[in-house]
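# Inside the fold
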Amino acid sequence: MKKFRLFKLILLTIFFFEIFLISSFAKIETLIIAKIDNEIVTNHDLKVESKYLEVLNPNLKKLSKDQITKIAKESIIREKIKTNEILKYYKLGEDTTYLNKLIVEAYVKLGLKNENEFNNYLSKYDLTIDDVKRKFEIEATWNTLIFEKYRNQVEVDIQKIKEKLKKAKSELNKQEVFLLSEILFNAENKEKLDKKYKQVLNSIKEIGFKNTANIYSTSDSAKFGGSIGWIQQNQMSKMIIDELSKINVGEFTKAINIPGGLLILKIDEKKMNQLEIDFDLELKKMIQFEKNKQLNQFSSIYYKKIKNNIKVYEN
């Protein structure tokens with residue numbers, strides 16, 4: 001009888017010990033790393049975000065675990081703040097056609113040929129196309145929100161663009177084209193902005209331009225390491241062209257003051273294109289480029305505004 005009681009006591013002890021271990025591991029596995037108003041961000045969210053960012057910018061693998069964690073944390077907080085705002089005005093999961101176009105653009109940027117190759121690529125990171133679509137949808141819906149809020153404030157001098165295009169058509173046989181990357185950042189005041197600028201420069205020196213864009217840039221291009229693609233010379237302002245003319249391929253400009261904060265541009269590559277101008281098509285492209293530039297500036301300003309009104313707690 002005593003042996004039976006002893007045996008029963010041992011079983012109960014093991015049972016409660018296992019419950020304690022399971023409970024302890026559960027606490028370890030799910031940790032709150034940030035709270036945005038009433039919404040939490042867990043270490044699982046952070047892990048998924050890290051994988052997602054590495055998918056879009058494989059160079060991140062060269063960084064330390066702490067550096068990647070910092071990038072992912074900033075990225076997911078930015079996404080949560082944007083998501084909370086867009087859900088006040090829109091429902092997600094409706095415009096799949098546009099998302100499919102964004103998926104194609106994404107895998108082409110990565111040098112992949114089709115969606116099947118992209119699926120295989122994502123599977124290496126334990127991600128699916130649906131995971132990526134969700135994130136792309138948030139950015140696309142945010143851009144729609146910015147457009148709706150600020151489209152009446154976008155001012156484009158079409159006549160000035162026409163004159164610029166006429167000059168390019170009549171005087172130039174060739175057009176210089178730049179493959180550019182960007183870092184756009186801001187701060188509450190000049191002192192903090194100067195401090196952040198120094199941090200950005202030190203970061204570029206330590207971990208490179210693209211990885212620094214992931215950490216500090218507030219532009220949508222941040223997740224792609226700041227890459228904004230090929231831009232024709234006649235699409236850019238004189239101020240931007242003047243700054244680019246001072247640097248070579250592989251170098252970056254000094255900080256350029258724009259309404260959204262400070263902008264740093266890097267020339268990844270450049271080439272000369274033979275000009276065969278379809279005037280109406282080029283005019284349309286230049287007008288859209290100017291509109292997008294202004295909307296990106298409004299996006300940065302609006303994000304800064306709503307972030308200042310949100311309580312963000314980080315562990």
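Residues numbered from 1 in each chain as written. Predicted model: local features only at pLDDT ≥ 70, side-chain atom pairs only at ≥ 80, totals over all residues. Heavy atoms only, no water.

## Here's the deal with the overall build of the protein chain
Keep this limit in mind: In DSSP terms, a helix is any run of H or I states spanning at least four residues, a strand is any run of E spanning at least two, and both are numbered starting from the N terminus. With a 1.4 Å probe rolled over the protein chains alone, any residue whose accessible area is under 20% of its type maximum counts as buried; one over 50% counts as exposed, and the rest are partly exposed. A contact between two residues is defined here by any heavy atoms of the two lying within 4.5 Å. To be clear on the numbers: accessible area is Shrake-Rupley with a 1.4 Å probe, and residue cover counts the displayed protein chains and nothing else.
Scanning the protein chain for helices and strands turns up eleven helices and seven strands. Put simply, the protein chain has 315 residues, and 42% of those count as buried. Put simply, of all contacts in the protein chain between residues at least 6 apart along the chain, 74% involve residues at least 24 apart. For the protein chain, the computed accessible surface area is about 19,200 Å², with 53% contributed by carbon and sulfur atoms.

## Re the pattern of salt bridges
Just so we agree on the cut-off: Salt bridges are defined as contacts in which a side-chain nitrogen from Lys or Arg sits within 4 Å of a carboxyl oxygen from Asp or Glu.
Tallied over the entire structure, the rule returns 16 salt bridges. Lys 51 serves as the salt-bridge partner of Asp 126, at 3.3 Å between the closest nitrogen and oxygen. Here Asp 126 is found in the loop between helix 5 (115-123) and helix 6 (129-150), whereas its partner Lys 51 is found in helix 2 (residues 43-56), with 75 residues between them in sequence. Assessed through its relative accessible area of 62%, Asp 126 is described here as exposed. Note that Glu 176 and Lys 270 form a salt bridge whose closest N and O atoms lie 3.6 Å from each other. Of the two residues, Glu 176 sits in strand 3 (residues 174-185) while Lys 270 sits in strand 6 (residues 261-274), which places them 94 residues apart along the sequence. Glu 176 gets classed as partly exposed once you look at its relative accessible area, which sits at 22%. Residue Lys 270 is classed as partly exposed on the basis of its relative accessible area of 34%.

## Some thoughts on the sheet that holds strand 7 (residues 312-314)
Counted only if it meets this: Note on pairing: DSSP must find at least two bridges between two strands before they are called paired. Note on definitions: angles span 0 to 180 degrees between N-to-C directions of axes, and those axes are lines fitted to C-alpha atoms, for helices only across the stretch in contact.
Pairing in this open sheet of three strands is antiparallel, and the strands run 2-1-7 from one edge to the other. The sheet is open, and its two edges are formed by strand 2 (39-42) and strand 7, each paired on a single side. Shown here is a sheet whose adjacent strand axes are inclined to one another by a mean of 20 degrees, direction ignored. As paired strands, strand 1 (residues 32-36) and strand 2 are joined by four bridges and run antiparallel to one another.

## Comments concerning the packing of aromatic side chains
Heads up, the condition is: Only rings of Phe, Tyr and Trp enter the pairing, Trp through its six-membered ring, and a pair is recorded when the two centres are within 6.5 Å. The plane angle decides the type: under 30 degrees is stacked, over 60 is edge-to-face, the rest tilted. To sit over a ring, a charge needs its Lys NZ or Arg CZ within 6 Å of the ring centre and within 35 degrees of the ring normal.
The full count for this structure, using the stated rule, is eight aromatic pairs. Cluster of aromatic residues (ring-pair linked, three or more members): Trp 142, Tyr 150, Phe 298, Tyr 302 and Tyr 303. A cation sits over an aromatic face here: Lys 109 above Phe 224, 4.1 Å from the ring centre. In this structure, Lys 271 packs its charged tip against the face of Trp 230, placed 4.3 Å from the ring centre.

## Re the packing of helix 3 (residues 65-86) against helix 9 (residues 209-216)
For the record, the criterion: Between 65 and 115 degrees an angle is taken as roughly perpendicular, under 35 as roughly parallel, over 145 as roughly antiparallel, and anywhere else as oblique. Ten residues, namely Ala, Val, Leu, Ile, Met, Phe, Trp, Tyr, Cys and Pro, are considered nonpolar, four, namely Asp, Glu, Lys and Arg, are considered charged, and the remaining ones, Gly among them, are considered polar.
In contact at an axis separation of 8 Å, helix 3 and helix 9 are set at 45 degrees when each is read in the N-to-C sense. Regarding the angle of helix 3 to helix 9, the classification is oblique. Facing helix 3, whose interface residues are Lys 70, Ile 71 and Arg 78, helix 9 presents Asn 211, Asn 214, Ile 215 and Tyr 216. Of the residues contributing to the contact of helix 3 with helix 9, the split by class is three nonpolar, two polar and two charged.

## Describing the packing of helix 3 against helix 11 (residues 279-308)
At their nearest, the axes of helix 3 and helix 11 sit 11 Å apart, and the two run at 90 degrees to each other. On the basis of the axis angle, helix 3 is roughly perpendicular to helix 11. On helix 11, the residues that touch Arg 78, Ile 81, Lys 82 and Glu 85 of helix 3 are Tyr 302, Tyr 303, Ile 306 and Lys 307. Here the contact of helix 3 with helix 11 is built from residues that sort into four nonpolar, no polar and four charged.

## Quick notes on the side chain of Glu 79
Which entries qualify depends on this criterion: Any pair of nitrogen or oxygen atoms within 3.5 Å is treated as a polar contact; in protein, a donor-acceptor pairing is required on top of that, and neighbouring residues in sequence qualify only through side-chain atoms on both sides.
For Glu 79, the location among the structural elements is in helix 3. The exposure class of Glu 79 is buried, given its relative accessible area of 14%. Looking at Glu 79, its side chain comes within polar contact range of the side chain of Lys 135, at 3.0 Å. Contacts of Glu 79, omitting those with residues within four sequence positions, involve Glu 49, Lys 135 and Ile 138.

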